[in-house]
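Listed below, chain by chain, are the residues.
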Amino acid sequence: MTLPDTMRAVEITTPGGPDVLKLTNRPTPVPKYGEILIRLNYAGVNRPDALQRAGSYAPPPTASDLPGLEGAGHVAAIGEGVSEWAVGDEVCALLPGGGYAEYVKTPATHALPVPEGMGMKEAACLPETFFTVWSNVFMRGGLCAGERFLVHGGSSGIGTTAIQLASAFGARVFTTAGSEEKCEACRTLGAEQAVNYKENDFVEVLRAEGGANLILDMVGGDYIPRNVKALADEGRLVQIAFLTGPKVALNFAQIMMRRLVLTGSTLRPQSDLAKTRIAEELRNQVWPLLASGRVAPVMDSEFPLAEAAKAHARIESSGHIGKLVLKIS
């Protein structure tokens, strides 16, 4: 396959609002040892992209400065040492950055086959969200069948994925959302109860059920002490983001007396090996559920690559349900 010297891409011209995203031309990346080059059909749009655009989530030093942490397309070139993929293979992949472009390179072990029967648009929405949910809810949080699981922001990409996976593996699922429309969407996906946080207190709902064994939170701020109250004894809180801030006053006596576990992680800074291990578990545990249709990404909207700014405005409005994508080719 003959590769072009340059490609279309969307760059962050300066930290700021969605309008700082501009279409440009960049040199086509060249895969290094252990990497593959993907010609992308679609790229997922995620909140970390918006944080990077705003200047509050810098990419790792070795990553592209272009936003974009997931995508799907065809393998266009292979670096030395790669044997598991061939040019032309259909893949979706977790990316270190650079997804808002026609071509992107990533470690070969961070790519997974497009699930049987799934289109590229849907496959582009899998890696960032499924890597995050699986590693935090199941690997770090240790969710087991029969446990009570609460995920905040149930209508987000993370939330819709967490609801489906937790339900598929036998947990009792609870969630929060900001409207009845979003709550109903969450119940349709498998949530036993969806709490409209503008009208009801999730702490009271969970305490009435005996408390949550595991909570996945990306809100932070004053939700942190409320999450502690909502946990059952020996419960676990996994923090993956801070939409309302990381600092709060917290009574640690409750953690000691009730034997609670507070933990968390971010995906992007983790080692290539850690991400490879997550990919292996996803291939074995989750990809069969996707192929069977038991679990599927919830799609909100699609935008052309040149309209990435509109996609960012949409995700920051919090009016979406599920995932947003950029159509690249």
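Everything that follows concerns the structure shown earlier in this document.
All values reported here derive from a predicted model rather than from experimental measurement.

Got a minute to help me understand the packing of helix 1 (residues 47–54) against helix 11 (residues 308–317) in this structure?
Helix packing for two helices is described by the angle between their axes and how far apart those axes are. In the contact formed by helix 1 and helix 11, the axes pass within 10 Å of each other and the chain directions differ by 110°. Between helix 1 and helix 11, the angle is such that the two are roughly perpendicular. On helix 11, the residues that touch Arg47, Asp49, Ala50 and Arg53 of helix 1 are His312, Ile315 and Glu316. Of the residues in the contact of helix 1 with helix 11, the class split is 2 nonpolar, 1 polar and 4 charged.

Please explain the environment of valine 20 as it appears in this structure.
Examined against the element boundaries, valine 20 turns out to sit in the loop between strand 1 (6–12) and strand 2 (21–27). The class for valine 20 is buried, based on a relative accessible area of 9%. The spatial distance from the C-alpha of valine 20 to the C-alpha of leucine 206 is 42 Å, given a sequence separation of 186 residues. Residue contacts for valine 20: discarding those within four places in its chain leaves Glu11, Ile12, Thr13, Thr14, Pro15 and Arg53.

Help me understand the side chain of lysine 182 in this model?
Relative to the helices and strands, lysine 182 resides in helix 5 (residues 180–189). Within the buried set, lysine 182 has no salt-bridge partner at all; the shortest N-O distance to an opposite charge, 7.5 Å, is to glutamate 181. A polar contact is formed between the side chain of lysine 182 and the backbone oxygen of serine 318, at a distance of 2.4 Å. When sequence neighbours within four positions are dropped, the list of residues in contact with lysine 182 reads Ser155, Ala177, Ser318, Gly319, His320 and Ile321.

What is the right way to look at the pattern of salt bridges in this model?
Here the idea is simple: oppositely charged side chains can pair when their charged atoms come close. In total, this model carries 17 salt bridges according to the counting rule given. Salt-bridge contacts for arginine 26 lead to aspartate 65; the nearest nitrogen and oxygen are separated by 2.9 Å. Residue arginine 26 is located in strand 2, and its partner aspartate 65 is located in the loop between helix 1 and strand 4 (70–78); the two are separated by 39 residues in the primary sequence. One salt-bridge network, held together by shared partners, links Glu11, Arg26 and Asp65.

Would you explain the packing of aromatic side chains in this entry?
In this description, a pair of aromatic rings is defined by centroid distance and the angle of the planes. In the structure shown here, the tally under the stated rule is 4 aromatic pairs. Here tryptophan 134 and phenylalanine 138 contribute two aromatic rings whose centre-to-centre distance is 4.4 Å and whose plane-to-plane angle is 20°, an arrangement assigned as stacked. Here the residue tryptophan 134 and the residue phenylalanine 138 both occupy positions in helix 3 (residues 127–140), the gap between them amounting to 4 residues, near one helical turn. Across the pair, phenylalanine 138 and tryptophan 134 agree in class, each one buried. Over the aromatic face of tyrosine 223 sits the side chain of arginine 226, whose NZ or CZ is 5.1 Å from the ring centroid.

I keep staring at the nonpolar core and nothing clicks. Help me out?
Within soluble globular proteins, side chains that are nonpolar generally end up buried alongside one another. Residues Phe149, Leu216 and Leu282 are the most contacted members of the largest nonpolar core, which totals 49 residues. Tyr100, Ile315, Leu324 and Leu326 belong to the second-largest nonpolar core, a separate cluster that totals 27 residues.

How do you make sense of the sheet that holds strand 10 (residues 193–196) when you look at a structure like this?
Within a sheet, adjacent strands bond to each other through the backbone by hydrogen bonds, running parallel or antiparallel. Ordered in space as 10-9-8-11-12-13, the 6 strands form an open sheet in which the pairing is parallel. Each edge of the open sheet is held by one strand with a lone partner, namely strand 10 and strand 13 (261–264). In this sheet, neighbouring strand axes are inclined to one another by 20° on average, regardless of whether the strands run parallel or antiparallel. Here 4 bridges tie strand 12 (residues 231–239) to strand 13, and the two strands are oriented parallel to one another. Bridge assignment links valine 238 to a residue of strand 13, and that residue is threonine 263. Helix 4 (residues 157–168) rests against strand 8 (148–151), strand 9 (172–177) and strand 11 (212–217) of the sheet, and its axis sits at about 170° to strand 8. On top of the sheet, helix 5 reaches strand 9 and strand 10; it is set at about 165° to strand 10, its chief contact.

How should I be thinking about the environment of glycine 71 in this particular structure?
With respect to the helices, strands and loops of the structure, glycine 71 is situated in strand 4. Taking the C-alpha atoms as reference points, glycine 71 and leucine 94, 23 residues apart in sequence, are found 7.1 Å from one another. Residues contacting glycine 71, with those up to four places away along its chain left out, are Leu40, Tyr42, Ala43, Val91, Cys92, Ala93, Leu95, Ala124 and Pro127.

I would appreciate a short explanation of unusual backbone geometry in the present structure.
In this structure, glutamate 234 is a non-glycine residue whose phi angle is positive, near 65°. Assignment of secondary structure puts glutamate 234 in strand 12. Owing to a relative accessible area of 48%, glutamate 234 belongs among the partly exposed residues under this scheme. Positive phi, normally seen in glycine, also occurs at serine 318, with a value near 60°. As for its position among the elements, serine 318 is in the loop between helix 11 and strand 15 (323–327).

The rules behind the values
Residues numbered from 1 in each chain as written. Predicted model: local features only at pLDDT ≥ 70, side-chain atom pairs only at ≥ 80, totals over all residues. Heavy atoms only, no water. Axes fitted to C-alpha atoms, helices over the stretch in contact; angles between N-to-C directions. Helix = DSSP H or I, 4+ residues; strand = E, 2+ residues; numbered from the N terminus. Parallel < 35°, antiparallel > 145°, perpendicular 65-115°, else oblique. Contact = heavy atoms within 4.5 Å. Nonpolar A, V, L, I, M, F, W, Y, C, P; charged D, E, K, R; others polar. Buried < 20%, exposed > 50% of the residue type's maximum accessible area, 1.4 Å probe, protein only. Lys, Arg positive; Asp, Glu negative; His and termini not counted. Salt bridge = Lys/Arg side-chain N within 4 Å of Asp/Glu carboxyl O. Polar contact = N/O pair within 3.5 Å; in protein donor to acceptor, adjacent residues only side chain to side chain. Phe/Tyr/Trp six-rings, centres within 6.5 Å; stacked < 30°, edge-to-face > 60°. Lys NZ or Arg CZ within 6 Å of the ring centre and 35° of its normal. Core = buried A, V, L, I, M, F, W, Y, C linked by side-chain atoms within 4.5 Å. Pairing = 2+ DSSP bridges.

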